[in-house]
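Per-entry structural report
Residue-level listing of the chains:
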Amino acid sequence: MFLGGHPFVASTGELNFISKSLTNKESCSCGTTINECGEWARVFDKFARDHGFDPRHDPYRLGLWDSRAFNLVDTSHQTSIRIASMQFRKALLNVRELLPDSLHKLTRIPSSLKQAVDNKFRLIEAIAGAWQKTHVIDSSKNAREAVELWRHKPDQVRIILLTRDGRGVYLSRRKAGRSREDSIAGWRNYYRKFIPLIERHVAPDCFLRLQYEDLARHPQSVGIELCKFIGIKFTTSMLDMGTTTLHLASGNDTRFSASKGIRLDERWRTDLLGDELAYFEAQAGELNRHLGYH
Ligand SMILES: [Zn+2]
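Summary of the structure given here. Being a predicted model, the structure only gives us computed values, none of them experimental. (Residues numbered from 1 in each chain as written. Predicted model: local features only at pLDDT ≥ 70, side-chain atom pairs only at ≥ 80, totals over all residues.)

**Describing the overall build of the chain**
Across its full length, the chain carries twelve helices and four strands. A globule of 294 residues ought to have a C-alpha radius of gyration of about 19 Å, and the chain, at 20 Å, matches this closely. Oriented by its inertia axes, the alpha-carbon framework of the chain measures out at about 60 × 50 × 40 Å. Relative to its full complement of 294 residues, the chain shows a buried share of 28%. Long-range pairs, those at least 24 residues apart, make up 75% of the contacts in the chain with a sequence separation of at least 6. (Helix = DSSP H or I, 4+ residues; strand = E, 2+ residues; numbered from the N terminus. Rg over C-alpha atoms; globule rule 2.2 N^0.38 Å. Buried ≥ 20, exposed ≤ 12 C-beta atoms within 10 Å, placed from the backbone. Contact = placed C-beta atoms within 7 Å.)

Here's what the structure looks like:
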């Protein structure tokens, strides 16, 4: 959302869920459905001209990287068979990751995922062309896909990892009624896998780690750093998130309140105490410190 305030940048949400969003007629962050959004219509019209089919009429033909939805699930597409085949491909990638570099380079990812990389670039190019942008931000969160996209076009792809203090994540999940284990598991497992994967396969100057807390406290200096990283000049329009209407096709509900800006939420400092804090420290304190939170 933050980078979407730059006139050269398109912020798109989690693109890997766009087929599901189209099928379910989900909301674009501009307020209408993605199927009726005029800006996305320009993208799909261009895509149809360039590739011979309109994603609005055949959403899953976009063929993007495996993504399992847990909210607003399209049960007609995300069947138990499809989930099993996704898990099979994920297991293959996990095994491949155990190979030493010399063997790893000789093995290929499943053909459907290789095709998904090409398909993502097609969609990105349609967005950039239709919206007249030089940079497109995809907030899909799959580390393996990020590695493969970067490998395919290392001169064009940059990877940004935005972290949040695990204590804040843990507290908000506990307040939402989730168990202690569940409140840590997703956060911990994601970063445990993401960082080693990127550090193993991606050139260090193509990967940037940012803390959400820094972004909320010092948006201008972080904005300058971000723009330098992706090779554009910082503009102050990024600091006023209410002035640009974004068209985020999928993602969490904060995309509907971009105009409120990025607010620092550190309630864990006063509300996460005693046994709860001790549990977090025992389970994930080391990883949290590794992410820079002391
Ligand atoms: Zn829209």
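Resuming the write-up.
**Some words on the nonpolar core**
Ranked by size, the top nonpolar core spans 28 residues in total, and within it Ile18, Trp40, Val43, Leu123, Ile127 and Ala249 carry the most contacts. Here this core takes six residues from helix H5 (residues 111–131), the largest share from any one element. Excluding residues within four positions of it along the chain, Trp40 makes contact with Cys28, Ile34, His247 and Ala249. By size, the runner-up hydrophobic cluster in this structure holds eight residues, among which are Ile184, Trp268, Phe280 and Ala284. (Core = buried A, V, L, I, M, F, W, Y, C linked by C-beta atoms within 7 Å.)

**Concerning helix H3 (residues 80–98)**
For H3, built from 19 residues, the straight-helix expectation of 27 Å at 1.5 Å per residue is met to within 8% by its first-to-last C-alpha distance of 27 Å. With respect to burial, H3 is a largely exposed element, only zero of its 19 residues being buried. (Expected span 1.5 Å × (residues − 1).)

**Things to note about the packing of helix H8 (residues 180–201) against helix H12 (residues 274–290)**
In the contact formed by H8 and H12, the axes pass within 10 Å of each other and the chain directions differ by 5 degrees. Considering their axes alone, H8 and H12 lie roughly parallel with respect to each other. On the side of H8, the interface is formed by Arg180, Ile184, Arg188, Tyr191 and Arg192, while H12 contributes Tyr279, Phe280, Gln283, Ala284 and Leu287. Here the contact of H8 with H12 is built from residues that sort into six nonpolar, one polar and three charged. (Axes fitted to C-alpha atoms, helices over the stretch in contact; angles between N-to-C directions. Parallel < 35°, antiparallel > 145°, perpendicular 65-115°, else oblique. Nonpolar A, V, L, I, M, F, W, Y, C, P; charged D, E, K, R; others polar.)

**Brief notes about the packing of helix H7 (residues 166–175) against H12**
Remark: H7 packs on H12, axes separated minimally by 10 Å, with the N-to-C direction vectors making an angle of 140 degrees. Between H7 and H12, the angle is such that the two are oblique. Relative to H12, H7 is oriented so that their crossing is right-handed. Across from Gly166, Arg167, Tyr170 and Arg174 in H7, the residues of H12 making contact are Glu276, Phe280, Ala284, Leu287 and Asn288. (Left-handed = near helix turned anticlockwise from the far one by under 90°.)

**Thoughts on the environment of Trp65**
For Trp65, the location among the structural elements is in the loop between helix H2 (38–51) and H3. For the pair Trp65 and His201, spaced 136 residues apart in sequence, the C-alpha to C-alpha distance is 18 Å. Those residues in contact with Trp65 that lie beyond four places of it in its chain are Asn16, Leu113, Ala116, Lys120, Asn142 and Glu145.

**Observations concerning the environment of Glu199**
Structurally, Glu199 can be placed in helix H8. Placed 52 residues apart in sequence, Glu199 and Val147 show a C-alpha to C-alpha distance of 9.7 Å.

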